[in-house]
Amino acid sequence: MAIPATADSGTMRLVSVLVLSALFAGAKTKTSDYYKLPSIERIGKNLYQSATAIVETRACLHQPVDDEDALLKYLGPEQYEIVWEDRSTCEVQRVALGDNLPI
């Protein structure tokens, strides 16, 4: 009867990486989960407007720079967040999409 060899730390690290890779392999982000917000600017407290949408956020302090683009990321039913160029995020409360924006 053979006694299995004891795993060293390098082997355990490799096994951990392989397990995590297998778990996250099915959790890929699709491009359809993002909506582009070109030239977004802050128009009020927790209120942002881009060329294609008006977004109300919750406690967002981000100040967009000139002609900054952002992404609106879909997280689930009625759950979104803004992803800024510096990769920071803001929780979204409401979104209004359309060609003719009131503001």
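Just so it is clear, the model here is predicted, and its values are computed rather than measured. (Residues numbered from 1 in each chain as written. Predicted model: local features only at pLDDT ≥ 70, side-chain atom pairs only at ≥ 80, totals over all residues. Heavy atoms only, no water.)

### Topic: the sheet that holds strand E3 (residues 47–49)
So, step 1. Read from one edge to the other, the open sheet built from seven strands follows the order E1-E5-E6-E7-E4-E3-E2, with strand pairing classed as antiparallel. Edge positions in the sheet fall to strand E1 (34–37) and strand E2 (41–44), since each of these pairs with one other strand and no more. Going across the sheet, the axis of each strand differs from the next one's by a mean of 40°, ignoring polarity.
So, step 2. In this structure, strand E6 (residues 79–83) lies alongside strand E7 (residues 89–97), joined through three bridges in antiparallel fashion. When the sheet's bridge partners are listed, Ile82 is paired in E7 with Cys90. (Pairing = 2+ DSSP bridges. Helix = DSSP H or I, 4+ residues; strand = E, 2+ residues; numbered from the N terminus. Axes fitted to C-alpha atoms, helices over the stretch in contact; angles between N-to-C directions.)

### Examining the confidence of the model for the chain
So, step 1. In the predicted model, the chain carries a mean pLDDT of 78, and 65% of its residues have values of at least 70.
So, step 2. Here residues 17–28 is a poorly scored stretch, pLDDT under 50, and it has zero contacts once near neighbours within four places are set aside; other chains count. (pLDDT = per-residue confidence, 0-100. Contact = heavy atoms within 4.5 Å.)

### Quick notes on unusual backbone geometry
So, step 1. Positive phi values are uncommon outside glycine, yet Asp67 reaches one of about 55°.
So, step 2. With respect to the helices, strands and loops of the structure, Asp67 is situated in the loop between strand E4 (53–57) and strand E5 (70–76).

### Topic: the side chain of Asn46
So, step 1. When you line up the elements, Asn46 lands in the loop between E2 and E3.
So, step 2. What Asn46 contacts, discounting residues up to four positions off in sequence, is Val55, Glu56, Thr57, Arg58, Ala59 and Cys60.

### Notes on the state of the cysteines
So, step 1. Evaluated as defined, the whole model comprises one disulfide.
So, step 2. Bridging Cys60 to Cys90, the disulfide has an S-S length of 2.0 Å. Between Cys60 and Cys90, the S-S dihedral sits near 55°, and the bridge is therefore right-handed. In this pair, Cys60 sits in the loop between E4 and E5 while Cys90 sits in strand E7, placing the two residues 30 residues apart along the sequence. (Disulfide = S-S within 2.5 Å.)

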